[in-house]
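So the chains spell out like this:
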Amino acid sequence: MLKQIKAIAAGFAGLCAATSAAQIGPDVIVAEITGPSKWGSINGMTAYSLGTTSCNIGDEDLLWDDELFDGTPANLHPVIAQNIFMISNDRITQIGQSWLKHGFLALNLNGICGFACDQAPSNNFLGPGCYDPYSSGLNGSQGGLGAKFEVNAATGEYPWPFTGDGTGGNALFKRIQVENSKLNPSQNPGARYFAEGHYITPDDAAAGNDNNNASYREMSVGGFNNGYNLNFAGDTVRGKPAILAWADIDASVEAIAVDIEDDGRFWVAYKVIDNGDGTFRYEFAVQNLSSHLSAASFSVPVGDGVTITNVGFSDIGYHSGEPFNSIDWTTAESSGGLTWSVTESFQQNQNANALRWGTLYNFWFDADSAPEAGSGQIGLFRPTDSPEVPVEMVGPAAIPTDCLADVNMDNTLDGGDFFAWVNAFSENLPGCDQNGDEVCDQGDFFAWVANFGAGC
């Protein structure tokens, strides 16, 4: 499929005149997020949709085929995801996601892309420097919204006709769904909200220009009238997914792009808060921007002797018939790390709650140790030759121990330390030398017994 897309894009490249575009090939971005529209509230949940104005900042026409030249429907046009996020109490969470608006034609307008529009030969393309507006009403029209599960965000591929084509339902169906409690100002003092628009399209992905396809814009919450009113509170930040809003408004947040070979991109962002009582809160957010392989686990490095408490996880639920379940990930501590994992593997359940494209999950805990640089990892969900991807991040540093008898450094004196000393003795490892003579011999056994009896 990718070869076909590249061939089609190359065939049409000759139709485009030279432009001042910096990107090679077609490159769609969300230039403006507009609207929003509110569609009503049902059972404590309100439906919204966002308008998205796209720009082609590349130097070739972007395919926007709703139908081929013979009238046959085609799957060579963008699909548009809409999301809403909240930043509150030093944490960014995703609080709403929509189904995908399927593009049907491009208007090729001039004026907001940064260089002159080079008109495409028809509305089956978006020319270099040209923009195309889709209103929030249009992006909320239920008949044109398709499911996310059948879209490969890494390649832009999806089947035609798409699932849900032409179907409608109640006010919530397929649209962004947000719990009213998440928007209630009295329940969320100081919270800030961000809208995100995100385009996925085949030839943009084939050109390698898909890492800038999401943009965000801050929103404010107004009064309640069959759902809270939402208004925009700032300009659209082009080419950045919403997780980067957290880093943009808080200088203590670190954000790292994690690219998967022959697949897509994750973003990992984190912040460490000193609780003021000798403990630290570690907040991590992971957004799958475009990985089709998806994530099945997330691990944070943890030093020896660290006590972990208040471990947490949150995700974003699917709706309107998407097949994925929303079972919370489990947590396990092991030597050197803390890992959250999906409850079922791909082989057990292909619809398990993996971290899929266009979604953000949260991971947090408290620790009695300050952060230090280390290496964690993202474990991938779909089968691949390299299922574990390293991520440079921070984690709680090992706690030095002056208690010689605590050989296994678990901050507890028990029988486990005897076996740990025996192992240290047999392998000449640190912890064997209990009398400080820098020699590991039988005298250290009696020294260990004395140290154990003395409480260290």
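Residues numbered from 1 in each chain as written. Predicted model: local features only at pLDDT ≥ 70, side-chain atom pairs only at ≥ 80, totals over all residues. Heavy atoms only, no water.

Asks: A description of the overall build of the protein should follow, citing residues and the corresponding values.
Replies: When you go through the protein residue by residue, the secondary structure sums to 7 helices and 25 strands. Going through the 456 residues of the protein one by one, you find that 53% of them count as buried. In the protein, the proportion of contacts linking residues at least 24 apart, taken out of those at least 6 apart, comes to 69%. Element-wise, carbon and sulfur atoms account for 50% of the exposed surface of the protein, whose accessible area totals about 18400 Å². Positive and negative charge centroids in the protein, built from 18 and 55 side chains respectively, lie 14 Å apart. (Helix = DSSP H or I, 4+ residues; strand = E, 2+ residues; numbered from the N terminus. Buried < 20%, exposed > 50% of the residue type's maximum accessible area, 1.4 Å probe, protein only. Contact = heavy atoms within 4.5 Å. Areas by Shrake-Rupley, 256 points an atom, 1.4 Å probe, with all protein chains shown as cover. Lys, Arg positive; Asp, Glu negative; His and termini not counted. Charge placed at Lys NZ, Arg CZ, Asp CG, Glu CD.)

Asks: Pulling in residues and values, what's your account of the sheet that holds strand 17 (residues 265–274)?
Replies: In spatial order, the strands read 16-17-18-23-20; together these 5 strands make up an open sheet with antiparallel pairing. Bordering the open sheet on either side are strand 16 (254–259) and strand 20 (308–314), each of which pairs with just one other strand. Recorded for the sheet is a direction-independent mean angle of 15° between the axes of neighbouring strands. (Pairing = 2+ DSSP bridges. Axes fitted to C-alpha atoms, helices over the stretch in contact; angles between N-to-C directions.)

Asks: Mind laying out the packing of aromatic side chains, listing which residues take part and the relevant values?
Replies: For the structure on display, the rule yields 29 aromatic pairs. Centroid distance Trp-99 to Phe-173: 6.2 Å. Interplanar angle 45°. Geometry classified as tilted. Of this pair, Trp-99 sits in the loop between strand 7 (91–97) and strand 8 (100–102) while Phe-173 sits in the loop between strand 11 (145–146) and strand 12 (176–179); the two residues are 74 residues apart in sequence, bridging distant segments of the chain. Taking relative accessible area as the criterion, Trp-99 reaches 5% and is therefore assigned buried. (Phe/Tyr/Trp six-rings, centres within 6.5 Å; stacked < 30°, edge-to-face > 60°.)

Asks: Which residues make up the sheet that holds strand 22 (residues 337–341), and what are the values?
Replies: Pairing within the open sheet is antiparallel, and its 5 strands lie in the order 21-22-19-24-25. Looking at which strands have only one partner, the edges of the open sheet turn out to be strand 21 (330–334) and strand 25 (388–396). For this sheet, the mean angle separating the axes of adjacent strands, direction not counted, is 20°. As paired strands, strand 21 and strand 22 are joined by 5 bridges and run antiparallel to one another. Opposite Thr-331, over in strand 22, you have Trp-340 as the bridge partner.

Asks: Run through the pattern of salt bridges, naming residues and quoting values.
Replies: Applying the stated criterion across every chain yields a total of 9 salt bridges. A salt bridge links Glu-32 to Arg-238; the nearest nitrogen and oxygen atoms lie 3.4 Å apart. Taken as a pair, Glu-32 in strand 1 (residues 28–42) and Arg-238 in the loop between strand 15 (228–232) and helix 5 (243–249) lie far apart in primary sequence, 206 residues in all. The exposure class assigned to Arg-238 is partly exposed, which follows from its relative accessible area of 35%. Measuring nitrogen to oxygen at the nearest pair gives 2.6 Å for the salt bridge that ties Arg-265 to Asp-259. (Salt bridge = Lys/Arg side-chain N within 4 Å of Asp/Glu carboxyl O.)

Asks: Just give me the short version of unusual backbone geometry, but keep the residues and values in it.
Replies: Cis rather than trans, the peptide bond between Gly-35 and Pro-36 has omega equal to -10°. For the peptide bond that leads from Trp-160 to Pro-161, omega is 0°, which places it in the cis range. One can find Pro-161 in the loop between strand 11 and strand 12. The backbone of Asn-89 sits at a positive phi, close to 55°, despite the residue not being glycine. Tracing the chain through its elements places Asn-89 in the loop between strand 6 (79–88) and strand 7. Phi angles above zero are rare outside glycine, and Ser-320 is one such case at about 65°. Considering the arrangement of structural elements, one finds Ser-320 in the loop between strand 20 and strand 21.

Asks: Explain helix 7 (residues 443–454) residue by residue, including any values.
Replies: When the terminal C-alpha atoms of helix 7 are compared, their 17 Å separation across 12 residues agrees well with the 16 Å that a helix rising 1.5 Å per residue should span. Those residues of helix 7 lying buried are Asp-444, Ala-447, Trp-448 and Asn-451. One face of helix 7 carries all of its buried residues, which in axial projection span an arc of 105°. Residues of helix 7 that are exposed and point more than 90 degrees away from the buried face comprise Phe-446 and Gly-453. Close packing links the buried residues of helix 7 with helix 6 (415–427). Gly-455 lies just past helix 7 and shows a positive phi near 95°. (Expected span 1.5 Å × (residues − 1). Arc of directions from axis to C-beta.)

Asks: Quick rundown of the state of the cysteines? Include the residues and the values.
Replies: Under the defined criterion, the tally for this structure stands at 4 disulfides. The side chain of Cys-117 participates in a disulfide bridge whose partner is Cys-130; the two sulfur atoms lie 1.9 Å from each other. Taking the sign of the torsion about the S-S bond as the criterion, the disulfide between Cys-117 and Cys-130, at about 85°, is right-handed. Here Cys-130 lies in the loop between strand 9 (125–126) and strand 10 (131–134) and Cys-117 lies in the loop between strand 8 and strand 9, a separation of 13 residues in the sequence. What makes Cys-117 buried here is its relative accessible area of 16%. (Disulfide = S-S within 2.5 Å.)

Asks: Run through helix 6, naming residues and quoting values.
Replies: Over its 13 residues, helix 6 runs 19 Å from end to end, which matches the ideal 18 Å to within 8%, given 1.5 Å per residue. Where helix 6 begins, the side chain of Asp-414 points an oxygen toward the backbone nitrogen of Gly-416, at a separation of 3.0 Å. Asn-428 occupies a position one or two residues after helix 6 and carries a positive phi of about 55°. (Polar contact = N/O pair within 3.5 Å; in protein donor to acceptor, adjacent residues only side chain to side chain.)

Asks: Tell me about the layout of surface pockets, and please be specific about residues and values.
Replies: Reported here for the largest pocket is a volume of approximately 490 Å³. If you trace the largest pocket, you find 21 residues lining it, with Thr-93, Gln-94, Ile-95, Lys-182 and Asp-315 closest to the centre. If one sorts the elements of the lining of the largest pocket by residue count, strand 7 sits on top with 6 residues. Across the lining of the largest pocket, the residue classes tally to 6 nonpolar, 10 polar and 5 charged. (1 Å grid on protein atoms, 1.4 Å probe; cavity = no way out; pocket = protein on both sides within 12 Å on 5 of 7 lines; lining within 4 Å. Points joined across faces, edges and corners; volume = space filled by probe spheres on them. Nonpolar A, V, L, I, M, F, W, Y, C, P; charged D, E, K, R; others polar.)

Asks: Could you give an account of empty space enclosed by the protein, with specific residues and numbers?
Replies: Going through the model one piece at a time under the given rule, you end up with 2 cavities of 30 Å³ or more. There is about 100 Å³ of room inside the largest cavity. In terms of lining, the largest cavity is formed by Lys-148, Phe-149, Val-151, Ser-291, His-292, Ser-294, Tyr-318, Phe-324, Arg-356, Trp-357 and Arg-382. In the lining of the largest cavity, the residues fall into 5 nonpolar, 3 polar and 3 charged. Considering only enclosed or pocket space, the second largest cavity measures out at about 30 Å³ in volume. Taken together, Gln-97, Ser-98, Trp-99, Lys-148, Tyr-318, His-319 and Glu-322 form the lining of the second largest cavity.

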